[in-house]
Amino acid sequence: MLLRLQKGLPADQLEPVLSLARELGYRTRFLDERSEFLSLEGPGRPDHRARFEDLCAVKSVLDAGDAKERHERDGRADTVVRAGEARFGGGFLSMIGGPCAVEDPVRLIEIARDVRARGATLLRGGAWKPRTSPYSFQGLHEKGLELLAAARAETGIGIVTEVLDPRDVEVVGEVADMYQIGARSMTNTPLLIEVGKTRKPVLLKRGPQATVREFLLAAEFILAQGNTQVVLCERGIRSFDPTTRNLLDVGAVAHLKRATHLPVIVDPSHAAGRSDLVRPLARAGLAAGADGLIVEVHPDPSEVHSDGSQAVLPQTFGAIVDDAISIAALDGRRVVLAQPLRAAL
Ligand code: PEP
Ligand code: MN
């Protein structure tokens with residue numbers, strides 16, 4: 001590991017750095033006469049980088065060396081995350097489709113059947129909705145979970161649904177095949193720790209203001225608890241331009257595929273905020289290397305209480321799945337399609 005220290009540190013401020021290094025089993029060596037660059041040789045561990053970053057004498061960690069964090073690619077093969085029939089990573093792409101929120105039971109089953117027939121292996125739908133206004137529809141809560149369980153029982157599709165509160169991790173986990181941590185919750189560390197204690201897959205969405213490093217460290221909170229089944233989701237970041245709801249950061253997708261072994265998927269719906277841009281943004285995300293998509297789908301967007309303007313019709317979802325099959329094939333990857341309706345291509 002290579003540390004850059006504050007300039008001109010007196011001995012008493014240098015001592016905490018050297019004693020932490022000794023405590024963690026490192027040999028230390030200054031690389032310059034002014035004692036600004038400190039090289040540490042020894043057994044790097046995932047938590048060591050942050051331990052040094054926390055010291056006020058340390059300006060920055062220039063190179064983490066062997067002290068790799070758990071999310072880092074570091075030459076590792078892709079982690080493959082499985083949830084129900086879905087597989088993300090390692091050359092496998094999976095499609096998630098469904099309404100923004102769980103609302104009507106009949107509609108939910110209709111959508112589940114429809115997206116599954118078009119290739120989705122997971123149904124999305126929030127029972128708890130993180131809304132900007134306290135007066136907007138907040139979701140059906142436990143009743144919503146019951147409806148999701150009924151949709152799975154009826155159609156065989158897996159369920160991904162949001163958990164907003166650490167106290168609900170258990171009850172949501174009884175129904176979900178995969179937890180969704182929403183963009184607004186990316187920095188809720190008690191929630192990240194709680195899902196990290198489970199062994200259920202987690203779909204972690206990037207906060208609209210989060211840097212890529214902050215996003216990866218949110219994933220690290222889950223990984224540090226021993227849950228290795230984390231899928232990252234780029235859903236657009238806040239920009240100066242209101243033309244789209246958020247700005248889909250395809251550069252981050254391409255970067256993440258190199259920087260981490262975790263699968264990365266794209267949510268074109270919350271990036272676009274308008275149904276007409278969902279398909280082109282889905283294509284862009286896939287071309288940047290995404291391992292799948294999560295798309296809001298509804299046969300009659302005029303009847304829903306949240307995000308109707310960005311919901312695509314089921315036939316558009318089908319076209320997006322077909323795009324994914326073609327784009328994945330360009331670099332020898334494949335889309336895992338729901339069985340037995342469509343065989344994996
Ligand atoms: C959602 O998936 O419906 C949602 C609220 O997304 P995000 O957390 O990305 O805003
Ligand atoms: Mn939504």
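Calculation notes
Residues numbered from 1 in each chain as written. Chains lettered and ligands numbered in written order. Predicted model: local features only at pLDDT ≥ 70, side-chain atom pairs only at ≥ 80, totals over all residues. Heavy atoms only, no water. Helix = DSSP H or I, 4+ residues; strand = E, 2+ residues; numbered from the N terminus. Rg over C-alpha atoms; globule rule 2.2 N^0.38 Å. Buried < 20%, exposed > 50% of the residue type's maximum accessible area, 1.4 Å probe, protein only. Contact = heavy atoms within 4.5 Å. Areas by Shrake-Rupley, 256 points an atom, 1.4 Å probe, with all protein chains shown as cover. Lys, Arg positive; Asp, Glu negative; His and termini not counted. Charge placed at Lys NZ, Arg CZ, Asp CG, Glu CD. Polar contact = N/O pair within 3.5 Å; in protein donor to acceptor, adjacent residues only side chain to side chain. Near = heavy atom within 4 Å. Phe/Tyr/Trp six-rings, centres within 6.5 Å; stacked < 30°, edge-to-face > 60°. Lys NZ or Arg CZ within 6 Å of the ring centre and 35° of its normal. Pairing = 2+ DSSP bridges. Axes fitted to C-alpha atoms, helices over the stretch in contact; angles between N-to-C directions. Right-handed = clockwise from strand over helix to strand, strands pointing away.

Draft legend 1. The overall build of the chain, seen in detail. Counting secondary structure elements, the chain contains 11 helices and 15 strands. Taking 345 residues into account, the globule formula puts the C-alpha radius of gyration at 20 Å, and the chain, at 22 Å, falls close to it. Dimensions of the chain, computed from the C-alpha atoms along their principal axes, are close to 70 × 45 × 40 Å. Within the chain, the proportion of its 345 residues that are buried is 53%. When contacts within the chain are restricted to residue pairs at least 6 apart in sequence, those whose partners lie at least 24 apart make up 67%. About 14,800 Å² of surface is accessible on the chain, with carbon and sulfur atoms providing 52% of the total. Considering the chain, the positive charge centre built from 44 side chains and the negative charge centre built from 46 side chains are found 3 Å apart.

Draft legend 2. Representation of the environment of Ser302 in the model. By secondary structure assignment, the location of Ser302 is in the loop between strand S14 (292-296) and helix H11 (314-330). Remark: the alpha-carbon pair of Ser302 and Asn188, spanning 114 residues in sequence, is separated by 33 Å. At a separation of 2.6 Å, a polar atom in the side chain of Ser302 contacts the side chain of Asp300.

Draft legend 3. Spatial organisation of the site of ligand 1. Inspection of the region around ligand 1 gives Cys100, Arg124, Lys129, Pro130, Gln180, Gly182, Ala183, Arg184, Lys205, Arg235, His270 and Glu296 as its neighbouring residues. Separating an oxygen atom of ligand 1 from a side-chain N or O atom of Gln180 is a distance of 2.9 Å. Contacts to ligand 1 include Arg184, whose side-chain N or O atom sits 3.3 Å from an oxygen atom. In the complex, 97% of the free accessible area of ligand 1, which totals 300 Å², lies under the protein chains.

Draft legend 4. Spatial organisation of the environment of Thr161. Mapping Thr161 onto the fold places it in strand S9 (residues 158-162). Here Thr161 falls in the buried class, since its relative accessible area comes to 1%. Between the C-alpha atoms of Thr161 and Leu148, which are 13 residues apart in sequence, the distance is 8.7 Å. Residue contacts for Thr161: discarding those within four places in its chain leaves Gly125, Gly126, Ala127, Leu145, Leu148, Val172, Ala176, Met178, Tyr179 and Gln180.

Draft legend 5. Representation of the packing of aromatic side chains. Applying the stated criterion across every chain yields a total of 1 aromatic pair. Consider the rings of Tyr26 and Phe52, whose centres lie 6.1 Å apart with planes at 75°: the pair is edge-to-face. Of this pair, Tyr26 sits in the loop between helix H1 (11-23) and strand S2 (27-30) while Phe52 sits in helix H2 (residues 48-53), and the two are 26 residues apart along the sequence. Accessibility assignment for this pair places Tyr26 and Phe52 in one class, buried. Lying across the ring of Phe92, Arg87 places its NZ or CZ 4.1 Å from the centre.

Draft legend 6. Focus on the sheet that holds strand S1 (residues 2-5). Pairing is antiparallel across the open sheet formed by 4 strands, whose spatial order is S2-S3-S1-S4. Every interior strand has two partners, whereas the edge strands, S2 and strand S4 (58-63), have only one. Strand after strand, the sheet turns through a mean of 25° between neighbouring axes, direction not considered. Of the strand pairs in this sheet, S1 and S4 are connected by 4 bridges, and their pairing is antiparallel. Across the sheet, the residue bridging to Leu3 is Val61, located in S4.

Draft legend 7. Inspection of the pairing of strand S12 (residues 230-234) at higher detail. Counting buried residues in S12 gives 5 out of 5 residues, a clear majority hidden from the surface. Side chains of S12 alternate between two faces, with Val230, Leu232 and Glu234 and Val231 and Cys233 buried alike. Note on the crossover from strand S11 (residues 202-205) through helix H7 (residues 212-224) to S12: the handedness is right-handed. Two elements, S12 and strand S13 (residues 264-266), share 3 bridges in a ladder whose sense is parallel. For Cys233, the partnering residue across the bridge sits in S13 and is Ile265. Note that the unit made of S12, helix H8 (residues 250-259) and S13 has a crossover that is right-handed.

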